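Survey of secondary and tertiary structure
Okay, here's what each chain looks like letter by letter:
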Amino acid sequence: MKAILLAGGKGTRLRPLTIHTPKPIVPIFGRPFLHYQIDLVRQLPEVDEVILSLNYQPRRIEEIFGHGDGLGVKLSYVVEPVPLGTAGAVRYAGQALEETVIVFNGDVMTQVDLAAVLRLHRERKAKATIVLTPVDNPTAYGLVETDADSNVRRFLEKPKPEEITCNTINAGIYVLEPHTFDRIPKETAWSIERSYFPSLVERGETFVAYVYDGYWIDIGTPEKYAQVHHDIMARRFVAPPFASAPPDCRLVSPAARLEDGVTIEGPCFVDEGVYIKPGAHVAPYSVLGRQCIIEEDARVEGSIIWANGRIGRDAVVRDSILGRHCHVGRNAVLGGGIVLGDKSVVTDYSRL
Ligand code: GDD
Ligand code: MG
């Protein structure tokens, strides 16, 4: 059985982080995000190949993952000539497929029981099975109404507030039968959410829902990207590298260099090669990427700093996300909610 991972979006809502780093490989504790999805797919031993459907900076992704050596599953890549939309991408990536396929949005993190989803699909002899999850505000998602027998009755992508009739949304995980792809036009952008799913409902085809109310998140905005780190550090979601963290959840690489007189409070993650100078304070929910330097008496709290960042003496970085190679000058204060792209420089004494 094959899995298709839709990972061709530009990640616009995660800009500036995604200008040089496509969304599928944004680091989560220094680990490219796709690893978490591959971990999820590997729950299903019958999946022998994951097809990555790409079009934005595909080479960067291929360089990291190759053919999947060491990942426990074979990886292959399909690069669309132009973005074909979510349905066009599935058709393009799945043109040679004849057997049931499992499709994932490339930006969701969850622990849904895929074997149970597949079982439901088979028991109901469905043309399509979709995982739903409850959320407080469905406007950023695809709203999905079901009946008492878990049949999908309506699919409404990005509903307006007045159109909300339930709290279950599309979690971005589907089991599909490839013979239904013939209705997706070739070489035209076509949406699985706006066209393919509504067409199944209109034609009265067996389209069933599996409702999952465990951990689920779409990492597509800076707030959600930060939330995922928070949830893993707080063990609301048990995942690497915190699955085996010590009780205080202070994960400090043995290859980090900590001078005397530094304070490090868990939960936090300090990657290899980090250098923390005397008097510096790493407060809870901080993530310091490889080779970051935290100068004397600087304070980092609740922030995610990608590799090679440098936080100057007496600077404060609070509840912010900094891309690679950022430099925050001495005595600068990043007061919360700041997102800096790679190589940003914040001048000494600035206040953001
Ligand atoms: N190959 C390819 N080509 N992939 C694409 C394309 C495309 O043209 N467009 C989007 N994708 C990929 C994105 O990379 C992402 O992994 C996935 O498809 C979904 O696109 P998003 O842009 O992240 O959509 P969304 O988050 O607004 O909404 C989708 O996800 C929600 C759950 O997170 C929809 O599927 C909603 O219905 C759903 O609730
Ligand atoms: Mg998304």
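Just so we're clear, the structure is a prediction, and the values are computed from it rather than from any experiment. (Residues numbered from 1 in each chain as written. Chains lettered and ligands numbered in written order. Predicted model: local features only at pLDDT ≥ 70, side-chain atom pairs only at ≥ 80, totals over all residues. Heavy atoms only, no water.)

Right, let's get into the coordination of the magnesium ion (ligand 2). Protein coordination of the magnesium ion (ligand 2) is provided by Asp-107 (OD) and Asp-218 (OD), with donor distances spanning 2.1 to 2.3 Å. Of this pair, Asp-107 sits in the loop between strand E6 (101-105) and strand E7 (108-110) while Asp-218 sits in strand E13 (residues 216-218), placing them 111 residues apart in sequence. Judged by relative accessible area, Asp-107 falls into the buried class, the value being 8%. (Donors = N, O, S within 2.8 Å, 3.2 Å for Na, K, Ca; no water. Helix = DSSP H or I, 4+ residues; strand = E, 2+ residues; numbered from the N terminus. Buried < 20%, exposed > 50% of the residue type's maximum accessible area, 1.4 Å probe, protein only.)

Next up on the list: the sheet that holds strand E28 (residues 333-334). An order of E16-E19-E22-E25-E28 is seen for the 5 strands of this open sheet, with the pairing classed as parallel. Either end of the sheet is taken by a strand with one partner, and the two such strands are strand E16 (263-264) and E28. Examined bridge by bridge, strand E22 (residues 299-301) and strand E25 (residues 316-318) share 3 bridges and lie parallel to one another. Counted as the bridge partner of Arg-299 is Val-316 from E25. (Pairing = 2+ DSSP bridges.)

The next point concerns unusual backbone geometry. A cis amide bond links Arg-15 to the next residue, Pro-16, at an omega of 10°. In this structure, Pro-16 sits in the loop between strand E1 (2-6) and strand E2 (27-28). Of note, the amide linkage connecting Pro-240 to Pro-241 takes the cis form, showing an omega dihedral of -5°. Backbone geometry at Arg-235 places phi at a positive 60°, although glycine is not the residue there. With respect to the helices and strands, the residue Arg-235 is situated in the loop between helix H6 (222-233) and strand E14 (250-252). In this structure, Tyr-285 is a non-glycine residue whose phi angle is positive, near 65°. Looking at the element boundaries, Tyr-285 is found in the loop between strand E19 (281-282) and strand E20 (286-288).

Should the charged atoms of two oppositely charged side chains come close, the side chains can pair. Counted by the stated rule, this structure contains 19 salt bridges. A salt bridge links Lys-2 to Glu-49; the shortest N-O distance between them is 3.5 Å. Remark: Glu-49 occurs in strand E4 (residues 49-54) and Lys-2 occurs in strand E1; sequence separation between them is 47 residues. Two residues, Glu-295 and Arg-310, come together in a salt bridge whose shortest N-O distance is 2.9 Å. Taken together, the residues span a long stretch of sequence, with Glu-295 in the loop between strand E21 (293-294) and E22 and Arg-310 in strand E24 (residues 310-311) at a distance of 15 residues. (Salt bridge = Lys/Arg side-chain N within 4 Å of Asp/Glu carboxyl O.)

Right, let's talk about the pairing of strand E8 (residues 128-134) for a bit. The buried fraction of E8 is high, at 6 of 7 residues. Bridge count for E8 against strand E11 (residues 168-176) is 6 bridges, and the pairing is antiparallel. Of the residues in E11, the one forming a bridge with Pro-134 is Thr-168. Here E8 runs beside strand E12 (residues 207-211); their pairing, made up of 5 bridges, is parallel. Looking at the pairing, Ala-128 lines up with Phe-207 of E12.

Another aspect to go through is the site of ligand 1. Taken together, 28 residues form the shell around ligand 1, and within it Glu-80, Glu-157, Asn-170, Glu-193 and Asp-218 come nearest. Note that an oxygen atom of ligand 1 is positioned 3.2 Å from one of the side-chain N or O atoms of Arg-13. According to the grid-proximity analysis, the pocket containing ligand 1 is the largest pocket. Top contributing element to the shell around ligand 1 by residue count: helix H3 (residues 85-93), with 3 residues. (Near = heavy atom within 4 Å. Polar contact = N/O pair within 3.5 Å; in protein donor to acceptor, adjacent residues only side chain to side chain. 1 Å grid on protein atoms, 1.4 Å probe; cavity = no way out; pocket = protein on both sides within 12 Å on 5 of 7 lines; lining within 4 Å. Sits in = over half its atoms within 2 Å of the grid points.)

If you check the domain split of the protein, you get domain 1 (2-213) and domain 2 (244-346). For domain 1 versus domain 2, the separation of C-alpha centres amounts to 34 Å. The interface is formed by 8 residues belonging to domain 1 together with 12 residues belonging to domain 2. Roughly 820 Å² is buried in total at the junction of domain 1 and domain 2, and carbon and sulfur atoms are behind 71% of that figure. Joining domain 1 to domain 2, the criterion identifies 0 salt bridges. In this assembly, domain 1 and domain 2 are joined by 1 residue pair in polar contact (both at pLDDT 80 or more). Within the side of domain 1 that touches domain 2, the residues separate by chemical class into 5 nonpolar, 3 polar and no charged. (Domains from an automatic or database assignment. Contact = heavy atoms within 4.5 Å. Buried area = accessible area lost by both parts, 1.4 Å probe. Nonpolar A, V, L, I, M, F, W, Y, C, P; charged D, E, K, R; others polar.)

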